Amino acid sequence: MPDSSQPHGELTIQVVAMPRDTNPNGDIFGGWLLSQMDIAGGVFCRKIAQGRVVTVAMDSITFKHPVFVGDTLACYASLIRIGRTSITVHIEAWASRIYEADRRIMVTEGDITYVKIGEDRRPQVIDRGG
Ligand SMILES: CC(C)(COP(=O)(O)OP(=O)(O)OC[C@H]1O[C@@H](n2cnc3c(N)ncnc32)[C@H](O)[C@@H]1OP(=O)(O)O)[C@@H](O)C(=O)NCCC(=O)NCCS
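Residues numbered from 1 in each chain as written. Predicted model: local features only at pLDDT ≥ 70, side-chain atom pairs only at ≥ 80, totals over all residues. Heavy atoms only, no water.

Asker: Sorry, what's going on with the pattern of salt bridges here?
Answerer: A side chain with one charge may pair with a side chain of the opposite charge, provided their charged atoms come close. The final tally for this structure, using the stated rule, is five salt bridges. With a shortest N-O distance of 2.4 Å, Asp71 and Arg97 are connected by a salt bridge. Pair noted here: Asp71 is in the loop between β2 (53-63) and β3 (72-82) and Arg97 is in the loop between β4 (86-96) and β5 (104-116), with a separation of 26 residues, a long-range link. There is no split in this pair, since Asp71 and Arg97 are both buried. (Salt bridge = Lys/Arg side-chain N within 4 Å of Asp/Glu carboxyl O. Helix = DSSP H or I, 4+ residues; strand = E, 2+ residues; numbered from the N terminus. Buried < 20%, exposed > 50% of the residue type's maximum accessible area, 1.4 Å probe, protein only.)

The structure is reproduced here in structure tokens:
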């Protein structure tokens, strides 16, 4: 049984949520969160692809808890699947509240698929080694 109190995957990026990232309610904008998750998945996948990747799909995104200004957001990536030209990863975004650095909660998770592309911007086969 996986431990849901701990992040799963590789820590890929960490960033502090700033006032400019808020929605009209004053909480952090969901689009900003997706953007951080997308960056994290891209960093993770370009190492696997050994080249340029683009995002083709985001699936099963769930916003579980809000993020507030000053929270530190940490994105963890784990590999789901390597296809012919695509890579799918699961991303967990965890927030540490300002002044409560010891307590982390998973705020958002979802699956993101990237495609390796060449100079011509067309999909390229991923060399899986071996
Ligand atoms: C990504 C892109 C190059 C794919 O081109 P395409 O001609 O549709 O490519 P294909 O149909 O051959 O699919 C390529 C791979 O993507 C996968 N794919 C395509 N659509 C998908 C979707 N909605 N969900 C999951 N995987 C998908 C295919 O299954 C295939 O994977 P595989 O080779 O591992 O089996 C093209 O759609 C594109 O340039 N999109 C815009 C990307 C972009 O601007 N992203 C935002 C900024 S990074």
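Asker: Which parts of the structure should I look at to understand the environment of Met18?
Answerer: Mapped onto the secondary structure, Met18 falls in the loop between β1 (10-16) and α1 (30-49). In this structure Met18 comes out as partly exposed when scored by relative accessible area, which is 32%. On a C-alpha basis, the gap between Met18 and Gly118 in space is 35 Å, while along the polypeptide they are 100 residues apart. The residues touching Met18, leaving out its near neighbours within four places in the chain, are Ile28 and Val69. (Contact = heavy atoms within 4.5 Å.)

Asker: Sorry, what's going on with the packing of aromatic side chains here?
Answerer: Each aromatic ring pair is specified by the distance between its two centres and by the angle formed by the two planes. Taken as a whole, this structure holds zero aromatic pairs when the rule is applied. Lying over the aromatic face of Trp94, Arg104 brings its terminal NZ or CZ to 6.0 Å of the ring centre. (Phe/Tyr/Trp six-rings, centres within 6.5 Å; stacked < 30°, edge-to-face > 60°. Lys NZ or Arg CZ within 6 Å of the ring centre and 35° of its normal.)

Asker: Can you help me understand the site of the ligand in this one?
Answerer: Taken together, 14 residues surround the ligand, and among them Thr55, Arg84, Thr85, Ser86 and Arg122 come closest. At 3.0 Å from an oxygen atom of the ligand is found a side-chain nitrogen or oxygen belonging to Arg122. Bound to the protein, the ligand loses 48% of the 960 Å² it would expose on its own. Secondary-structure elements contributing two or more residues to the shell around the ligand are β2 and β5. Per-element accounting of the shell around the ligand gives the leading share, four residues, to β2. Partitioning the shell around the ligand into residue classes produces six nonpolar, five polar and three charged. (Near = heavy atom within 4 Å. Polar contact = N/O pair within 3.5 Å; in protein donor to acceptor, adjacent residues only side chain to side chain. Areas by Shrake-Rupley, 256 points an atom, 1.4 Å probe, with all protein chains shown as cover. Nonpolar A, V, L, I, M, F, W, Y, C, P; charged D, E, K, R; others polar.)

Asker: Please clarify how the pairing of β4 should be interpreted in this entry.
Answerer: Both faces of the sheet carry side chains from a regular strand, because those side chains alternate between them. Buried residues dominate β4, accounting for eleven of its eleven residues. Of the two faces of β4, the one lined by Ser86, Thr88, His90, Glu92, Trp94 and Ser96 and the one lined by Ile87, Val89, Ile91, Ala93 and Ala95 are each fully buried. In terms of strand pairing, β3 meets β4 through ten bridges, oriented antiparallel. Bridge assignment links Leu79 to a residue of β4, and that residue is Val89. Turn length for the β3-β4 hairpin, with the two strands adjacent in sequence and antiparallel, is three residues. Relative to β5, β4 runs antiparallel, the two being bridged by eleven bridges. Bridging from a neighbouring strand, Val89 pairs with Ile112 of β5. (Pairing = 2+ DSSP bridges.)

Asker: How do you make sense of α1 when you look at a structure like this?
Answerer: The α-helix winds at 3.6 residues per turn, so residues separated by three or four positions along the chain end up facing the same way. For α1, which comprises 20 residues, the first-to-last C-alpha distance of 28 Å matches the rise-based estimate of 28 Å (1.5 Å per residue) to within 8%. Along α1, the positions that sit buried rather than exposed are Trp32, Leu33, Gln36, Met37, Ala40, Gly41, Gly42, Phe44, Cys45 and Ala49. As for α1, its buried residues are in contact with β1, β2, β3, β4 and β5. Following α1 by one or two positions, Gln50 adopts a phi angle in the positive range, close to 55°. (Expected span 1.5 Å × (residues − 1).)

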